[in-house]
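# Examining the three-dimensional arrangement
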Amino acid sequence: MTKIQKILFEYQDSKYTDFSAKLVPTLPRECFIGVRSPSYKKIIRELASLPQGEVEKFMGELPHKYHEENCLHIALINKIKDYDECLSQLEQFLPYINSWAVSDGLNPPVLKKNKGKLLPKIKFWIKDEKPFTKRVGMLLLMKYYLDDDFKPEYLELPAKIRSDEYYVNMMTAWLFAEALVKQWDSTLPFIQNKKLDPWTHNKAIQKAYESFRVSIEQKEYLKSLKMKQS
């Protein structure tokens, strides 16, 4: 057992292990230690007492054995303040992300501060074959590019996705639902013109319908645009 694994096990909550495993059904039960989310801040502080190079070694030894190692890894990436270093570490880790709980934890402030440089990478990731790399690309697109600097063309690439992966399609639906909330006029044509696959189209409508930020009139119109699924 590595030094960092030992630290993670010190924060193990056995009752939480089964709950955590149920939330991430794509991974086997033995991949879970059972560390609650608030504990990671304490764990990161504890890492400072490890011998020099131990954290760098941990981030370079991939894949990790435990889900919680992946959660810790993404938390460490979030704290990197240099853009190039953050991007380098993220690209090294992306192929090994294997759950929504890890991908959706990504939110480094330094990436948001460099949206111009990041956008080509996001477009590249969205076209990747690995489902959670795709998901990361769309997640960052949703988090960083749906506000003042939004362009309708940003939605073209996600709209073209055709996947058998549940976590890809759910992310696409989430992205379009959020785009309907924030950029209604620009996003609605994608729904009106049925540019998404039927399942994702209907799921995007459902998620937008459930939002308190969408008006009753908008919800009723969206409801009329649902597609029949075979």
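Structure's up top.
Report follows, based on the coordinates.

Thresholds applied
Residues numbered from 1 in each chain as written. Predicted model: local features only at pLDDT ≥ 70, side-chain atom pairs only at ≥ 80, totals over all residues. Heavy atoms only, no water. Axes fitted to C-alpha atoms, helices over the stretch in contact; angles between N-to-C directions. Helix = DSSP H or I, 4+ residues; strand = E, 2+ residues; numbered from the N terminus. Parallel < 35°, antiparallel > 145°, perpendicular 65-115°, else oblique. Contact = heavy atoms within 4.5 Å. Nonpolar A, V, L, I, M, F, W, Y, C, P; charged D, E, K, R; others polar. Buried < 20%, exposed > 50% of the residue type's maximum accessible area, 1.4 Å probe, protein only. Core = buried A, V, L, I, M, F, W, Y, C linked by side-chain atoms within 4.5 Å. Arc of directions from axis to C-beta. Polar contact = N/O pair within 3.5 Å; in protein donor to acceptor, adjacent residues only side chain to side chain. Patch = residues over 30% accessible without salt bridge, like charges linked within 9 Å, V, L, I, M, F, W, Y side chains within 5 Å. Areas by Shrake-Rupley, 256 points an atom, 1.4 Å probe, with all protein chains shown as cover. Salt bridge = Lys/Arg side-chain N within 4 Å of Asp/Glu carboxyl O. Lys, Arg positive; Asp, Glu negative; His and termini not counted. Charge placed at Lys NZ, Arg CZ, Asp CG, Glu CD.

## Considering the packing of helix α6 (residues 83-93) against helix α9 (residues 115-126)
It is the contact of α6 with α9, at a shortest axis distance of 12 Å, that shows an interaxial angle of 5°. In this view, α6 runs roughly parallel relative to α9, as classed from their interaxial angle. Residues Tyr-83, Leu-87, Leu-90 and Glu-91 of α6 lie in contact with α9, whose contacting residues are Lys-117, Leu-118, Lys-121 and Trp-125. Residues of the contact of α6 with α9, tallied by class, amount to 5 nonpolar, no polar and 3 charged.

## Quick word on the environment of Pro-63
On the secondary structure map, Pro-63 appears in the loop between α4 (54-60) and α5 (67-78). Pro-63 gets classed as exposed once you look at its relative accessible area, which sits at 59%.

## Description of the nonpolar core
Counting 72 residues, the largest nonpolar core has Leu-47, Leu-72, Leu-111, Leu-118, Trp-125 and Leu-140 as the members making the most contacts within it. It is helix α12 (residues 166-182) that provides the largest number of residues to this core, a total of 9 residues. Here Leu-72 is in contact with Ile-4, Leu-8, Tyr-40, Ile-43, Ile-44, Leu-47 and Phe-58, once residues within four sequence places are set aside. Counting residues in each nonpolar core, the second largest holds 5 residues, with Ala-21, Leu-27, Cys-31 and Phe-32 among its members.

## Side note on helix α2 (residues 14-23)
Every buried residue belonging to α2 is among Tyr-16, Thr-17, Ser-20 and Ala-21, and all of these are buried. Down the axis of α2, the buried set is contained in an arc of 135°. They therefore lie on one face. With respect to the buried face of α2, the exposed residues turned more than 90 degrees away are Lys-15 and Lys-22. Against the buried residues of α2 lie α5. With a side-chain oxygen lying 3.1 Å from the backbone nitrogen of Lys-15, the N-terminal cap of α2 falls on Asp-13.

## With respect to a positive patch on the surface
Residues Lys-41, Lys-42, Arg-45, Lys-79, Lys-81 and Lys-113 make up a contiguous surface patch of positive charge. Counting through the fold element by element, Lys-79 comes out in the loop between α5 and α6.

## With respect to the environment of Ser-186
Mapped onto the elements, Ser-186 comes out in helix α13 (residues 184-192). Since its relative accessible area comes to 25%, Ser-186 is described here as partly exposed. For the pair Ser-186 and Phe-150, spaced 36 residues apart in sequence, the C-alpha to C-alpha distance is 9.6 Å. Setting aside residues no more than four positions away along its own chain, Ser-186 makes contact with Phe-150 and Pro-152.

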